[in-house]
Structures are given as C-alpha cells and as structure tokens.
Amino acid sequence: MQSELMKLSDVSLSYHTVAGETAAIQNLDLTVYDGEFLALVGPSGCGKTTVLSLIMGLLSPTAGSVRFSREGLRLGYMLQRDHLLDHRTVEKNVLLGLEVQHRLTEESKARALALLDKYGLGEFRTYKPQQLSGGMRQKVALIRTLALEPDLLLLDEPFSALDYQTRLNLSDEVYRIIRGEHKSAILVTHDISEAVSTADRVAVFSARPARLKKIVEIGFPADMSPLVRRSQPEFHDYFDRIWKELRP
Amino acid sequence: MKRIAVSEAHARYLRRVRRDARAVVLCRIAVLLGFLLLWELGADLKWFDPFILSSPSRVVATIVRLYADGSLWLHVGTTLLETVLGFLLGTILGALIAVLLWWAPKLNRILDPYLVVLNALPKIALGPVLIVWIGAGMASIVVMGVLVSLVVTTVTVLNGFLAATDEKQLLMRTLGATKLQIFTKVVLPAGVPDLISALKISVGMSWVGVIVGEYLVSKAGLGYLIVYGGQVFKLDLVMASVTVLCILAALMYYAVAFLEKKVRT
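Because the structure is predicted, anything quoted here is derived from the model rather than measured.

What counts, and where the lines are drawn
Residues numbered from 1 in each chain as written. Chains lettered and ligands numbered in written order. Predicted model: local features only at pLDDT ≥ 70, side-chain atom pairs only at ≥ 80, totals over all residues. Heavy atoms only, no water. Helix = DSSP H or I, 4+ residues; strand = E, 2+ residues; numbered from the N terminus. Rg over C-alpha atoms; globule rule 2.2 N^0.38 Å. Buried < 20%, exposed > 50% of the residue type's maximum accessible area, 1.4 Å probe, protein only. Contact = heavy atoms within 4.5 Å. Axes fitted to C-alpha atoms, helices over the stretch in contact; angles between N-to-C directions. Parallel < 35°, antiparallel > 145°, perpendicular 65-115°, else oblique. Left-handed = near helix turned anticlockwise from the far one by under 90°. Nonpolar A, V, L, I, M, F, W, Y, C, P; charged D, E, K, R; others polar. Patch = residues over 30% accessible without salt bridge, like charges linked within 9 Å, V, L, I, M, F, W, Y side chains within 5 Å. Areas by Shrake-Rupley, 256 points an atom, 1.4 Å probe, with all protein chains shown as cover. Salt bridge = Lys/Arg side-chain N within 4 Å of Asp/Glu carboxyl O. Lys, Arg positive; Asp, Glu negative; His and termini not counted. Charge placed at Lys NZ, Arg CZ, Asp CG, Glu CD. 1 Å grid on protein atoms, 1.4 Å probe; cavity = no way out; pocket = protein on both sides within 12 Å on 5 of 7 lines; lining within 4 Å. Points joined across faces, edges and corners; volume = space filled by probe spheres on them. Pairing = 2+ DSSP bridges. Buried area = accessible area lost by both parts, 1.4 Å probe. Polar contact = N/O pair within 3.5 Å; in protein donor to acceptor, adjacent residues only side chain to side chain.

Caption draft 1: Expanded view of the overall build of chain B. Of regular secondary structure, chain B possesses ten helices and zero strands. When the helices and strands of chain B are read in sequence order from the N terminus, they spell out α-α-α-α-α-α-α-α-α-α. Expected size for 265 residues packed as a compact globule is a radius of gyration near 18 Å; at 24 Å, chain B overshoots this value by more than 25%. Here the C-alpha coordinates of chain B stretch approximately 75 × 70 × 30 Å along the principal axes. Residues classed as buried in chain B amount to 38% of the 265 residues present. Put simply, of all contacts in chain B between residues at least 6 apart along the chain, 69% involve residues at least 24 apart.

Caption draft 2: Quick look at the packing of helix α7 (residues 138-174) of chain B against helix α8 (residues 179-216) of chain B. All names here are of chain B. Packing of α7 against α8 brings their axes to within 6 Å, and their N-to-C directions diverge by 160°. Classified by the interaxial angle, the pair formed by α7 and α8 is roughly antiparallel. Seen along the crossing, α7 lies across α8 with a hand that is right-handed. In terms of residue class, the contact of α7 with α8 is made up of 21 nonpolar, 13 polar and four charged.

Caption draft 3: Structural detail: a positive patch on the surface. A contiguous patch of positive charge, built from Arg 12, Arg 15, Arg 16, Arg 18, Arg 19 and Arg 22 of chain B, is present on the exposed surface. By relative accessible area, which is 45% here, Arg 15 of chain B ends up partly exposed.

Caption draft 4: View of the layout of surface pockets. If you add up the space inside the largest pocket, you get close to 400 Å³. Along the wall of the largest pocket there are 17 residues; nearest its centre are Asp 86 and His 87 of chain A together with Pro 189, Ala 190 and Pro 193 of chain B. Of all the elements in the fold, those that place two or more residues in the lining of the largest pocket are α7, α8 and α10 (235-264) of chain B. With six residues, the top contributor of residues to the lining of the largest pocket is α8 of chain B. Classifying every residue of the lining of the largest pocket by side-chain character gives nine nonpolar, three polar and five charged.

Caption draft 5: Spotlight on the side chain of Glu 91 of chain A. Structurally, Glu 91 of chain A is set in helix α2 (residues 90-94). The residues touching Glu 91 of chain A, leaving out its near neighbours within four places in the chain, are Lys 109, Leu 113, Leu 116 and Arg 125 of chain A.

Caption draft 6: Molecular detail of the environment of Val 210 of chain B. All names here are of chain B. You can see Val 210 is positioned in helix α8. In this structure Val 210 comes out as buried when scored by relative accessible area, which is 0%. Distance from Val 210 to Met 144, taken between C-alpha atoms, is 6.3 Å for residues 66 residues apart in sequence. Apart from the residues lying within four places of it in its own chain, the contact partners of Val 210 are Thr 79, Glu 82, Thr 83, Ile 141 and Gly 145.

Caption draft 7: Structural view of the sheet that holds strand β4 (residues 63-68) of chain A. Residues and elements named next belong to chain A. As summarised here, the arrangement of the three strands in space is β2-β1-β4, forming an open sheet in which the pairing is antiparallel. The sheet is open, and its two borders are formed by β2 (20-33) and β4, each paired with just one other strand. Pairwise comparison of adjacent strand axes, ignoring direction, gives a mean angle of 20° for this sheet. As paired strands, strand β1 (residues 4-17) and β2 are joined by ten bridges and run antiparallel to one another.

Caption draft 8: Fine view of unusual backbone geometry. In this model, Glu 149 of chain A sits at a positive phi of 50°, which is unusual for a non-glycine residue. By secondary structure assignment, the location of Glu 149 of chain A is in the loop between α5 (134-146) and β6 (152-156). Located in the positive-phi region is Ser 54 of chain B, a residue other than glycine, with phi close to 60°. Inspection of the secondary structure assignment puts Ser 54 of chain B in the loop between α2 (50-53) and α3 (56-68).

Caption draft 9: Region of the structure containing the pattern of salt bridges. In the structure shown here, the tally under the stated rule is 17 salt bridges over all chains. Taking the shortest distance from any N to any O, the salt bridge between Arg 88 of chain A and Glu 99 of chain A comes out at 2.8 Å. Of this pair, Arg 88 of chain A sits in the loop between β5 (75-78) and α2 while Glu 99 of chain A sits in helix α3 (residues 96-100); the two residues are eleven residues apart in sequence, bridging distant segments of the chain. Assessed through its relative accessible area of 18%, Glu 99 of chain A is described here as buried. The network of salt bridges with shared partners includes Arg 88 and Glu 99 of chain A together with Lys 185 of chain B.

Caption draft 10: Here's a closer look at the interface of chain B and chain A. Taken together, the 15 residues of chain B in the interface contact 18 residues of chain A. Of the roughly 1500 Å² buried where chain B meets chain A, counting both sides, 63% is carbon and sulfur surface. In this assembly, chain B and chain A are joined by one salt bridge. Across the pair Glu 99 of chain A and Lys 185 of chain B runs a salt bridge whose closest N-O atoms are separated by 2.8 Å. Where chain B meets chain A, there are six residue pairs in polar contact (both at pLDDT 80 or more). Mapped onto the side of chain B that touches chain A, the elements with two or more residues apiece are α7 and α8 of chain B.

Caption draft 11: Structural view of a nonpolar patch on the surface. Residue and element names in this part refer to chain B. A surface patch of nonpolar side chains, about 810 Å² in accessible area, is lined by Leu 81, Val 84, Leu 85, Leu 88, Leu 89, Ile 92, Leu 93, Leu 96, Ile 97 and Met 138. The biggest single contributor to the nonpolar patch is helix α4 (residues 71-103), with nine residues. Tracing the backbone shows Leu 81 in helix α4. By relative accessible area, which is 45% here, Leu 81 ends up partly exposed.

Interpretation in functional terms is not warranted from these geometric data alone.
Have a look at this one:
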C-alpha cells in the first residue's frame, strides 16, 4: 500500500475539570497513508474532534505519540463553522492564513486567488462574507485552508451546519477539490453516508473513551464522486456494516 | 436617498415611505414649537410665575445678554474644553485598560470584582475627595469627567473584545496565529463597533461628570452658571444655561454618531 503519512501510537488523552477526570481517548492506534481519504465516525461526543486536535497539536496526548512521516508536514484544519471574518472581504479571508504565517508573497497570493477562480468564487472576491450563502461561505473556508498548501487536511464535520441539499452538493464539490489537489484528508463526521460516500477507509470509534473498533475499507474507485457512490448497490452494504459496528 | 421606482406599485410604495418620513419630521418640529408656544403663552398669561419657570423669550434675551457682555463664550468654552478633555482621556484610557485586561486574563480575573464595584459606584460621590486631592480647579473637573466615562468604556470595550475572542480563537489557533495577531486581525477589528457604542455612552457620561464637577467647584462654565443662577434666584440664567447645554450635548452626540456612520461603511 501507499507510504505512511502520519501515525498515532497508543495514544491516550484525559481531560481535567474541577468535577474530575474524563478519559477522552484510550490506547488509540491509527495510521494515515499518503493520498488517502480517511473518515472517522463514532457516536457523538466520543472524542473524534479530540483526535483532530491532537494531530493539529492543539492538545498534547497524556500518553503515546503522534508522529509524522517527515518534518514540516503541513496541516490544514477546517472547522464545522466557517468563521469567516466579517470585516474582511472574501479575498482577504482567503489570505488570512498566509498572512498569519508570514507566507504571503505575490506567488502564494496568486495561487490562492487562482483557487477562488477555479472553484467558481472568483467573481465574489470583493464581497463581504455576509453576502454569501452558507455553502459558499464554507467553500471560502476550504479555500482559506487550501491556500496554506497543506499536505494533510483535517475536516471537522465541515458540512453539518448546512441544509441537506447544500450539504450533498458541497461534499461532492469538496471531494472533487481535495482529490483534484491531491491532498490527504481526515474527515470527522457522525453521518455514515457521508463517510461511505467520500472515504477510502472508515475508522469506526466506540463511545467515550474513544477506541478504534474497526476499520472498514471502502472499495469504490477514488475517481468516483460521492453522489455516484450513493447510488451504487454496495453503498448500503457498507452503510449497514458501519451501522452495526456503531451499535453498542 | 433617492430610489428609482421599478413599477407603478413600487412608485406608490416609495411615495408612501417618503410621506411617512416627512410626517415624522413635521411632527417633531410641531412638538418643539407647541412646547415653546405653551411655555411662552403660560408665562405671558400668568398661568405660572415666569420668575420661577422663565419663558422662551426671557431665555433668548438672557443668552443674547450673555453674548453681548462676552461671557457666553467664556462659559461655553470652559465647559466644552473640560468635557472634550474628559471624554477623550476617559475613552483612550478606558480602551487601553480594556486591551490590557484582554491581554492578561489572570489580571482580569483578579480585578473583576473591583471593576464591578467601580462600575456600580456613582463616581460623582468622589467629587469632594478629588477637590481635596487635586485642588479646587479645572483639573478636578476634568478628572471627574474622565472617571465617569473611563469605567463604562473599559467594561463595554472589554466585553466586545472577549465576545470576539470566543468566536474566532479556535480558527486563529488552527492557522497558527500568535496572540498579537489574534488581537490585531480579529479582536480589534471586531471590537470597533463596541468601541463606538462606548464612545456614544461616554460622551454623555463626560457631560454628567463635568457639570457635577462644576457644581462643586468652579469659577466659570455652564454648570457654574446653573448653580449661580439657582443661588441668586435668576431662573432665566438657569434655563438659558440648560438650553445651551442641550444644544452642545446634542451636537457632540451627533458628531460621534456621524463618526460611527463613517467607520461602519
């Protein structure tokens, strides 16, 4: 198979609050391969988002290690809400990450703006976020993340704040963008169909503390879009297998 | 704002909107004129004693007399200077303190109860103390104006900063932003509307501080005129000063509102 991109080894993490200690993750082993689309599903509140925070380095594991295949591997994080800054135009929002990381050059700017053009948001460059629809805003947020040229994308339920129709369309589009830019991605979701329709592999987590219950390999070819996948007969078999795993 | 009508019905709608707007303005003017007329009439027909309640014509005459003997500008200038100084210093200091407290959340937690008490305390109660400490002069009055606007600015601006932080902090951390970047790129721009509302509140507060300061200790200013007029039973002088004060306070408020419009667009 492909080469390893990132590896969680025997990772545990506990939260401390005044009321006590909560084990969020226990003895988790997980490998992400280069170029793959991995989905994490699990009951809500099971600590899926915590896994992303660990990978991103926003949290440190209580035990175990998070290792990357090489130094300086770039990560991009996309949140559930777009968090576009209201006082900036679409263009300025897209450039925010580059600005913050002092990587804003003529070249990187041109590349980021080309992404806007490529994915149909070019004409909205000078708009303010309030003037865009929810789906468009989320796309701008994705391009803001892509502008940083991440090697690995962390998607934290990026569609869950959208209405169903927008969600289907956008996940189709985001899938195309991510595959088109040859990125690896980890998608956290509680929506089984979303996981099956986008991922190469689906990691099923147990209820808290999160443990890896099973990894389901999805056999669809990588160039098959989420909408087409949804209409395949195997789709429901995968769905049922994951559904059974999720049941306590 | 002139709008082009897109249809007959739309034109009717636009006419109605304009008519409503005109009617409101006319009613406002009518209220003012009616009030002045009743006041004047009441004084002329001796419904009440004009010596106690004054009258519009006597107010105008008093203002003209003050203008003629040159003391109008002295009093207006003194009060205006004190208020603008108090307002600017109070707002700038208040905003700076808000930045400091945002930057150091521990400090904010420690000082929180003191801020609450200071906010609740009627600052003018400190007047006599200020006079003893700073002296019976303009400095005391300005400090009073500062004190009254300072705390409310700090509280308003700080709350605005904290609300903006909560929202976007996670995003900025995923982008790898430093604290200074979070402040300059997110918190400060998002805090501008709160800063402006703080200005609107504190401009009124500064007038309160300065006028009370002048009541306590002053040799010139509109507050001085009001107290003096009250003591020697010249109610014309009191009413004239209050009228001038009304006009000045309104002008300053609209100046801030104008600034707000400029910043928002």
